[in-house]
Amino acid sequence: MKVLVTGGAGYVGSTICSALIDKGYTPIILDSIGNKEVINKIFNEHGDINFTIHCAEKSSIDISVSNPYEYYNSNVVRSIELFKNLSDNGCKNIIFCSSASIYDDVAGYMVTENSPINPRSPFARSKYITEMILRDFAAAYDMKCISLRCFNPIGADPLMRSGITEKNPHNIVYKMLESVYRNEEFVISGNDWNTRDGTCIRDYIHVFDVALAHIKALENFDKAFTKVTTSSKNFLSINIGSGLGSTVKELIYAFENITGEKVKIVYGDRRPGDVVGSYANIERAKAAIDWETTLSMEEGILDAIRFKELNI
């Protein structure tokens, strides 16, 4: 079966494409998501595409604060055009790679899919707006959508087919690797958060587990809607995380234990748009799409190191 993957050259998207190939699917990669002619051409050539995995995005929270136009244009406006063109071409099933950054702060930091929503950056708002658009499209145009609210991917494809190669990465593990290789300081954005050690709490999940969640959503697509009772029969949100909350300091300690290297920590100001954080309740993912994590945070760190060493 062929699957259209938007953003298939990106960090998460490329890992999804590798996982699709492993499972016997054929990914068709699309990056020009707002281009009607390109989309029409793809469906003329591949009329048997019934599913789209939508990963194309701009994803830096702090940059989105300083450049909201680019984020709303890329993540929202172009997505609207994509969804309309998909519908016009008869592709009615969408798996959306959304973000856990849409959630509000909650006591204990664990969020379910019914936890309060409070996106606090243009990036996070663009994700939630896109979810609302998909909910409306599903109701109006006989489409169905599963929105996977992904937490904090780390690592690389275990077979080293993909990872992060950019020089100044936003991903925290790769940023730590860069700081160690360059013998530079690693800046923690705030140590005055209301957590057990003052640093933000996150749910670090191996990027390959994120990819496998998209495959599970694909394989259990129709069944998922029968497993969960929600207000919409055609739209379903699912948390994709490890189910464990770790602070930034705890991630650093794990990194140091694995590498034997000391990270030169300094504390900076909180980043614009940043939040104290959360971790996932993953009961719905287990029930709806038969998915849970198989790889640990430490394995994510190790795979990131291996990929970095192969691409120095």
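That block above? That's the structure.
Now for a quick tour of the structure. Quick caveat, the model's predicted, so the values are computed rather than measured.

As for helix α2 (residues 36-45)
Thinking step 1. Every buried residue belonging to α2 is among Ile39, Ile42 and Phe43, and all of these are buried. Looking down the long axis of α2, one finds its buried residues gathered within 90° of arc, a one-sided arrangement. Residues of α2 that are exposed and point more than 90 degrees away from the buried face comprise Glu37 and Asn44.
Thinking step 2. Of the surrounding secondary structure, the elements contacted by the buried residues of α2 are β1 (2-6), β2 (26-30) and α4 (68-88).
Thinking step 3. For α2, the N-terminal capping position is held by Asn35, with its side-chain oxygen 3.1 Å away from the main-chain nitrogen of Glu37.

Here we look at the pairing of β2
Thinking step 1. The pairing of β1 with β2 spans five bridges and is classified as parallel. For Leu4, the partnering residue across the bridge sits in β2 and is Ile28.

Regarding the packing of aromatic side chains
Thinking step 1. Tallied over the full model, the rule gives five aromatic pairs.
Thinking step 2. For the pair Phe83 and Phe137, a centre-to-centre distance of 6.2 Å together with 70° between the ring planes defines the contact as edge-to-face. Of this pair, Phe83 sits in helix α4 while Phe137 sits in helix α5 (residues 122-140), and the two are 54 residues apart along the sequence. In this pair, the class of Phe83 matches that of Phe137, namely buried.
Thinking step 3. Ring plane angle 65° and centroid distance 5.6 Å describe the contact between Phe221 and Phe225, whose orientation is recorded as edge-to-face.

Focus on the nonpolar core
Thinking step 1. Core analysis: the largest hydrophobic core is formed by 73 residues, its most contacted members being Leu20, Ile146, Val173, Met176, Ile238, Ile240 and Ile301.
Thinking step 2. When residues of this core are assigned to their parent elements, the largest contribution, eight residues, is made by helix α7 (residues 207-219).
Thinking step 3. Sequence-distant contacts of Ile238, defined by excluding residues within four places in its chain, comprise Glu113, Ile146, Ser147, Leu148, Arg149, Arg284, Ala285, Ala288 and Ile289.
Thinking step 4. Core analysis: the next-biggest nonpolar cluster, separate from the first, contains 22 residues, Leu4, Ile28, Leu30 and Leu86 among them.

Let's talk about the packing of helix α6 (residues 172-182) against helix α9 (residues 248-259)
Thinking step 1. The contact between α6 and α9 brings their axes to 11 Å, and the two run at 55°. One element, α6, and the other, α9, form an angle in the oblique class. The interaxial crossing formed by α6 with α9 has right-handed handedness. Contacts between α6 and α9 involve Ile172, Val173, Met176, Leu177 and Val180 on the former and, on the latter, Val248, Leu251, Ile252 and Phe255.
Thinking step 2. Grouping the constituent residues of the contact of α6 with α9 by class yields nine nonpolar, no polar and no charged.

The rules behind these values
- Residues numbered from 1 in each chain as written.
- Predicted model: local features only at pLDDT ≥ 70, side-chain atom pairs only at ≥ 80, totals over all residues.
- Heavy atoms only, no water.
- Buried < 20%, exposed > 50% of the residue type's maximum accessible area, 1.4 Å probe, protein only.
- Helix = DSSP H or I, 4+ residues; strand = E, 2+ residues; numbered from the N terminus.
- Arc of directions from axis to C-beta.
- Contact = heavy atoms within 4.5 Å.
- Polar contact = N/O pair within 3.5 Å; in protein donor to acceptor, adjacent residues only side chain to side chain.
- Pairing = 2+ DSSP bridges.
- Phe/Tyr/Trp six-rings, centres within 6.5 Å; stacked < 30°, edge-to-face > 60°.
- Core = buried A, V, L, I, M, F, W, Y, C linked by side-chain atoms within 4.5 Å.
- Axes fitted to C-alpha atoms, helices over the stretch in contact; angles between N-to-C directions.
- Parallel < 35°, antiparallel > 145°, perpendicular 65-115°, else oblique.
- Left-handed = near helix turned anticlockwise from the far one by under 90°.
- Nonpolar A, V, L, I, M, F, W, Y, C, P; charged D, E, K, R; others polar.

By themselves, these are just geometric observations and shouldn't be taken as functional.
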